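Okay, here's what each chain looks like letter by letter:
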Amino acid sequence: VIRYIIDSKNNFPCSGTHLFQTITDFQNMIRFNLYEGQSLLARNCKHVGEIVVTNLRPAPMGFITLEIKIEIDQNGVLEAHAIDNQTNKKLPVYID
């Protein structure tokens, strides 16, 4: 499923957020691909990297909701942040 987090018409600097939920019981990480482009098909967009959020607390499927924030600064440098909405705890995020 493709989710638009930052509209392609935005100028730098810009940011966007989206909520994600765990999809399995006791999931300890979330991994998703990041694409640049306007198509709804990933194959028509440029793969920018993979975002990995780690150290999720043990919980049943769907219980953990994460707010993922993607920021692009004035130089085009991308940063990602994740917050557990129930605890307001910041979680480690890696961009590959």
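Values in this document were obtained by computation on a predicted structure and should not be read as measured data. (Residues numbered from 1 in each chain as written. Predicted model: local features only at pLDDT ≥ 70, side-chain atom pairs only at ≥ 80, totals over all residues. Heavy atoms only, no water.)

A. Seen up close, the sheet that holds strand E3 (residues 46-54). The strand order E2-E3-E7 describes an open sheet built from three strands, whose pairing is antiparallel. Each of the sheet's edge strands pairs with one partner strand only, and the pair in question is strand E2 (29-36) and strand E7 (93-95). The mean angle between the axes of side-by-side strands here comes to 20 degrees, regardless of whether they run parallel or antiparallel. (Pairing = 2+ DSSP bridges. Helix = DSSP H or I, 4+ residues; strand = E, 2+ residues; numbered from the N terminus. Axes fitted to C-alpha atoms, helices over the stretch in contact; angles between N-to-C directions.)

B. How the structure looks around the sheet that holds strand E4 (residues 65-72). Here four strands make up an open sheet; going across it, the order is E1-E4-E5-E6 and the pairing antiparallel. In the strand order of this sheet, the two ends are held by strand E1 (14-21) and strand E6 (89-91), each with one partner. Pairs of neighbouring strands in the sheet enclose a mean axial angle of 25 degrees, with direction left out of account. Here E4 pairs with strand E5 (residues 78-84) via seven bridges, running antiparallel. Counterpart to Glu67 in the pairing with E5 is Ile83.

C. Molecular detail of the side chain of Gln27. Tracing the backbone shows Gln27 in the loop between E1 and E2. One polar contact links the side chain of Gln27 to the main-chain amide nitrogen of Ile23, over a distance of 2.7 Å. Among the polar contacts made by the side chain of Gln27, one reaches the main-chain amide nitrogen of Thr24 at a distance of 3.2 Å. Discounting chain neighbours no more than four positions away, the residues touching Gln27 are Thr22, Leu56, Arg57 and Ala59. (Polar contact = N/O pair within 3.5 Å; in protein donor to acceptor, adjacent residues only side chain to side chain. Contact = heavy atoms within 4.5 Å.)

D. A look at the nonpolar core. Membership of the largest hydrophobic core comes to 19 residues, with the highest contact counts inside it found for Ile51, Val53, Leu56, Leu66, Ile68 and Ile70. At the level of secondary structure, the elements contributing two or more residues to this core comprise E1, E2, E3, E4 and E5. At four residues, the largest contribution of residues to this core is made by E4. Other than its neighbours up to four places away in sequence, Leu66 contacts His18, Leu19, Phe20, Ile30, Val53, Leu56, Ile83, Asp84 and Leu91. (Core = buried A, V, L, I, M, F, W, Y, C linked by side-chain atoms within 4.5 Å. Buried < 20%, exposed > 50% of the residue type's maximum accessible area, 1.4 Å probe, protein only.)

E. Representation of the packing of aromatic side chains within the structure. Under the counting rule described, the total for this entry stands at one aromatic pair. Aromatic side chains Phe20 and Phe32 sit 4.9 Å apart centroid to centroid with 20 degrees between the ring planes, which places their arrangement in the stacked category. With Phe20 in strand E1 and Phe32 in strand E2, this pair connects stretches of sequence that are 12 residues apart. Each of the two residues, Phe20 as well as Phe32, counts as buried. (Phe/Tyr/Trp six-rings, centres within 6.5 Å; stacked < 30°, edge-to-face > 60°.)

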